[in-house]
Amino acid sequence: MRLRVNGQPAGAARRHMRMRLPGIAVIAAVVALAAAGCGNGEMGSARLGGVFRLGSDSSIDSLNPFVAFQSDADTTLGYIYPELVQYDSQMQIVPDFATSWSESDGGKVWTFHTVPHAKWSDGKPLTAQDAAWTFQTILKFQNGPTSNSAGYVTDMTSAAAPNPDTLVLTYSQPVANVLSQVEEVYILPQHIWAKYAAGNGKGLTTFQNNAPVVSGGPFILTGYTQGEVALLKRNPLFFGPKPHIQGLGLEFFDDADAMIEALKTNQLDGIETVPFTAVTNLEASGFIVRSTPGDAFDDFIINDNPKQDASHSELMNPLLRQAFSYAINREQIVKTVLLGHGEPGGSIVPPVTGKWSDPAIKPTPYDPAKANELLNEAGYKMGPNGIRIANGHPMSYTVILPTDITDQYGERSFEIVQQDLKQVGVQLTPDVLDDSAAYSDVTASSYKSFEMAMWDWYPETDPDFILSVPTCSQWDTWNDTGYCNKAYDALFNEQGAAMQPAERLKIVYQMQEMISQANTYLVLDYPDSIEAHSSRFTDLPEVGGASWTESSNIPFEVVHLAHP
């Protein structure tokens, strides 16, 4: 799946953060769910369960997997829908709905054996046919309603279920990362969704999928209030290990300070993402705070469409793009914005992914003199007001800032970038937009209109997704730069078909270097992942070196809940 809690371990969507402070009624609803689940109302008993109240500064934009874009939407979908395979605590692929698998015909045919006698939460059979229908539907509408999942069926030609416990996926050529691709796909109940796939399939994107949602995962979404709370209770018909908690209350906050206060006053048991400024305070207050290297990166985007509007066509000049990278003080961002909880960024494949991150790609050093030299070489002379002139107009640009990042620390990072570029004669003006409007402005007029933007990504463990983002096929879907390079696209296809790990790694490095050299993304930093929870909950495990909030099956692992 794409993003779990706090975006790991397998993210493939941007992390969006627009929250709203939950009111008393919302807190009461979570407590009511806990009491109903426990029977005697006891919270915190490992044997009896309870509700883990998790605060989030993200939100749910949709409960429809063909529309959802925000991190907690994906988190919630992961709790209610099964997948063929999962990542375990060591970031290794392990069975989920599929109990075993094998490949044949040189890697072009993959056969998955699924859990027998499984059921959806409404009692209907959950079989390999549901999986086959899901994959076949994505294939059928991959150029339309299911385009956000098209990358997960690359080179797939068919999906079939010869019997209720067997799924066969057939590909036109060997695919190196089949398991990590199918791990991204939620298996949907055909008996609920099939009617929306009729005709041109547009119903697949208009279906609201409102609570209560028919579930095949560990939890059933029983209630959802936009911008306030999502309530999930344990699914008694789940085929896998039963969660050790009776339910999960996911509460959304607009204000990080209010979220911290809710944790301190026992209205929450944990929070997904601790603001860097709150770490010391929470530790001093007795909360357990865990900081681990994150798989996210913050980026500064310069329009990379060669056909962009003539009014800012100089943005395609390699000298300008290189100069901007030298002008940005990444070390200062890490020191003053992240407060040391992170490191300067280089490649779009973060170091935490291990071997996949090209070690040859280093963060561009801060060198304003070099930046000025490059801009001078490009012929952009300094004007009398300290702003350079390019193609007859001042080098003054609008930077799109989604509320996703301004609600957190992105605005402070922007201020540093803004001041850095001012020192070399470039003026930046922020345009703060809600997340949907920001993406619409970036993609408007086929990426011709926008000038610059700042955002972030939470890539998945396998590099396939983040490397797919700049491809031509992802225009108007995941592509947020306007970059389109047929040579890059060819390499993307090659890495997907490279069955030898060393061969694939070489291509993956080559692709990272192409994006780095083009300065498609100016990667600013890799922020650490920081979570916090009450000391009442003991032995919450670290997962693969990361914190418990990053585990795709965190509810399964909350096992030692002490009484408050």
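Criteria and thresholds
- Residues numbered from 1 in each chain as written.
- Predicted model: local features only at pLDDT ≥ 70, side-chain atom pairs only at ≥ 80, totals over all residues.
- Heavy atoms only, no water.
- Helix = DSSP H or I, 4+ residues; strand = E, 2+ residues; numbered from the N terminus.
- Buried < 20%, exposed > 50% of the residue type's maximum accessible area, 1.4 Å probe, protein only.
- Contact = heavy atoms within 4.5 Å.
- Core = buried A, V, L, I, M, F, W, Y, C linked by side-chain atoms within 4.5 Å.
- Pairing = 2+ DSSP bridges.
- Axes fitted to C-alpha atoms, helices over the stretch in contact; angles between N-to-C directions.
- Phe/Tyr/Trp six-rings, centres within 6.5 Å; stacked < 30°, edge-to-face > 60°.
- Lys NZ or Arg CZ within 6 Å of the ring centre and 35° of its normal.
- pLDDT = per-residue confidence, 0-100.
- Parallel < 35°, antiparallel > 145°, perpendicular 65-115°, else oblique.
- Left-handed = near helix turned anticlockwise from the far one by under 90°.
- Nonpolar A, V, L, I, M, F, W, Y, C, P; charged D, E, K, R; others polar.
- Salt bridge = Lys/Arg side-chain N within 4 Å of Asp/Glu carboxyl O.

Visitor: Give a detailed account of the overall build of the protein chain, specifying residues and quantitative values.
Guide: Along the backbone of the protein chain there are 18 helices and 23 strands. Here the protein chain holds 564 residues, and the buried ones make up 59% of them. Within the protein chain, contacts between residues separated by at least 24 positions form 71% of all contacts whose residues are at least 6 apart in sequence.

Visitor: How would you summarise the nonpolar core if you had to cite specific residues and measurements?
Guide: Among the nonpolar cores identified, the biggest contains 146 residues, and Leu84, Phe112, Phe135, Phe300, Phe324 and Leu428 are the most heavily contacted of them. The element contributing the most residues to this core is helix 3 (residues 128–140), with seven residues. Here Phe300 is in contact with Phe324, Val399, Val417, Leu421, Leu428, Met452, Ala453, Met454, Tyr521, Leu522 and Leu524, once residues within four sequence places are set aside.

Visitor: I'd like a description of the sheet that holds strand 20 (residues 427–433), backed by residues and values.
Guide: In a beta sheet, neighbouring strands pair by backbone hydrogen bonds and run either parallel or antiparallel. An order of 16-22-15-21-19-20 is seen for the six strands of this open sheet, with the pairing classed as mixed. The open sheet terminates on both sides in strands that have one partner only, identified here as strand 16 (342–344) and strand 20. Across the sheet, the mean angle from the axis of one strand to that of its neighbour is 25 degrees, orientation sign disregarded. Of the strand pairs in this sheet, strand 15 (residues 297–302) and strand 21 (residues 452–457) are connected by six bridges, and their pairing is antiparallel. Its bridge partner being in strand 21, Ile302 is matched across the sheet by Met452.

Visitor: I'd love a proper account of the environment of Thr477, names of residues and values included.
Guide: For Thr477, the location among the structural elements is in the loop between helix 15 (464–468) and helix 16 (486–497). When the C-alpha atoms of Thr477 and Ser149 are compared, they prove to be 9.6 Å apart, with 328 residues separating the residues in sequence. Other than its neighbours up to four places away in sequence, Thr477 contacts Ser147, Asn148 and Tyr439.

Visitor: Outline unusual backbone geometry, listing residues and values.
Guide: A cis amide bond links Ala211 to the next residue, Pro212, at an omega of 0 degrees. Among the secondary structure elements, Pro212 is positioned in the loop between helix 6 (203–206) and strand 10 (219–225). At Ser446, a position not held by glycine, the phi torsion is positive, near 55 degrees. By the secondary structure assignment, Ser446 is in helix 14 (residues 435–447). We note that Asp476 has phi near 65 degrees; this positive angle belongs to a residue other than glycine. Mapped onto the secondary structure, Asp476 falls in the loop between helix 15 and helix 16.

Visitor: Tell me about the packing of aromatic side chains, residues and numbers included.
Guide: One pass over the full model with this rule turns up 16 aromatic pairs. Seen from their ring centres, Tyr483 and Tyr488 are 5.7 Å apart, and the 90 degrees between their planes marks the pair as edge-to-face. Each member of the pair, Tyr483 as well as Tyr488, is classed as buried. Feature note: the residues Phe66, Trp193, Tyr196 and Phe207 constitute an aromatic cluster, connected by ring pairs. It is Lys355 that lies over the ring of Trp356; its NZ or CZ is 4.8 Å from the centre.

Visitor: A description of the environment of Pro212 should follow, citing residues and the corresponding values.
Guide: By relative accessible area, Pro212 is classed as exposed at 63%. When the C-alpha atoms of Pro212 and Tyr224 are compared, they prove to be 8.5 Å apart, with 12 residues separating the residues in sequence. Pro212 has contacts with Leu221 and Thr222, leaving out every residue within four places of it along the chain.

Visitor: Would you mind going over the confidence of the model for the protein chain in detail, with residue names and values included?
Guide: Averaged over all residues, the pLDDT of the protein chain equals 86, while 86% of them reach at least 70. Across residues 1–48, confidence stays below pLDDT 50; counting only partners more than four residues off in sequence or on other chains, it has 198 contacts. Counting interchain partners and residues more than four positions distant, the pLDDT-below-50 stretch residues 541–564 has 85 contacts.

Visitor: Describe the packing of helix 9 (residues 318–327) against helix 11 (residues 368–377), listing the residues and the values that go with them.
Guide: For the pair helix 9 and helix 11, interaxial distance at closest approach is 8 Å and the crossing angle is 165 degrees. Judged on the interaxial angle alone, helix 11 and helix 9 are roughly antiparallel. Crossing hand, helix 9 versus helix 11: left-handed. Of the residues in helix 11, those in contact with Leu319, Leu320, Gln322, Ala323, Tyr326 and Ala327 of helix 9 are Pro368, Lys370, Ala371, Leu374, Leu375 and Glu377. Class assignment of the residues belonging to the contact of helix 9 with helix 11 gives a composition of nine nonpolar, one polar and two charged.

Visitor: Explain the packing of helix 10 (residues 330–337) against helix 13 (residues 410–422) to me, using residue names and the numbers behind them.
Guide: Two numbers describe how helix 10 lies on helix 13: the axes approach to 10 Å, and their chain directions differ by 145 degrees. Pair helix 10 / helix 13 crosses with right-handed handedness. For the pair formed by helix 10 and helix 13, the contact residues are Gln332, Ile333, Thr336 and Val337 on the first element and Arg412, Ser413, Ile416, Val417 and Asp420 on the second. Looking at the contact of helix 10 with helix 13 residue by residue, the classes come out as four nonpolar, three polar and two charged.

Visitor: Can you explain the sheet that holds strand 13 (residues 270–271)? Please cite residues and give values.
Guide: What the seven strands build is an open sheet, ordered 10-11-12-1-13-23-14; its pairing is mixed. A strand with exactly one partner marks an edge of an open sheet, and here the two such strands are strand 10 and strand 14 (288–292). Pairing of strand 1 (residues 51–56) with strand 13, which is carried by two bridges, proceeds in the parallel orientation. Residue Gly55 lies in a different strand from strand 13, and its bridge partner there is Ile271.

Visitor: Pulling in residues and values, what's your account of the pairing of strand 1?
Guide: Here strand 1 lies mainly inside the structure; six of its six residues are buried. Residues Val51, Arg53 and Gly55 point to one face of strand 1 and Phe52, Leu54 and Ser56 to the other, with burial holding for every one of them. Pairing analysis gives six bridges linking strand 1 to strand 12 (residues 247–252), with the strands arranged parallel. The partner of Gly55 across the bridge, within strand 12, is Glu251.

Visitor: Help me get a handle on the pattern of salt bridges, residues and values and all.
Guide: Evaluated as defined, the whole model comprises four salt bridges. Here Asp269 makes a salt bridge to Arg53, at a shortest N to O gap of 2.9 Å. Within this pair, whereas Asp269 is found in the loop between helix 7 (256–264) and strand 13, its partner Arg53 is found in strand 1, the two being separated by 216 residues in sequence. Just as Asp269 is buried, Arg53 falls in that class too. With its nearest N and O atoms 3.9 Å apart, the salt bridge here joins Lys370 to Glu373.

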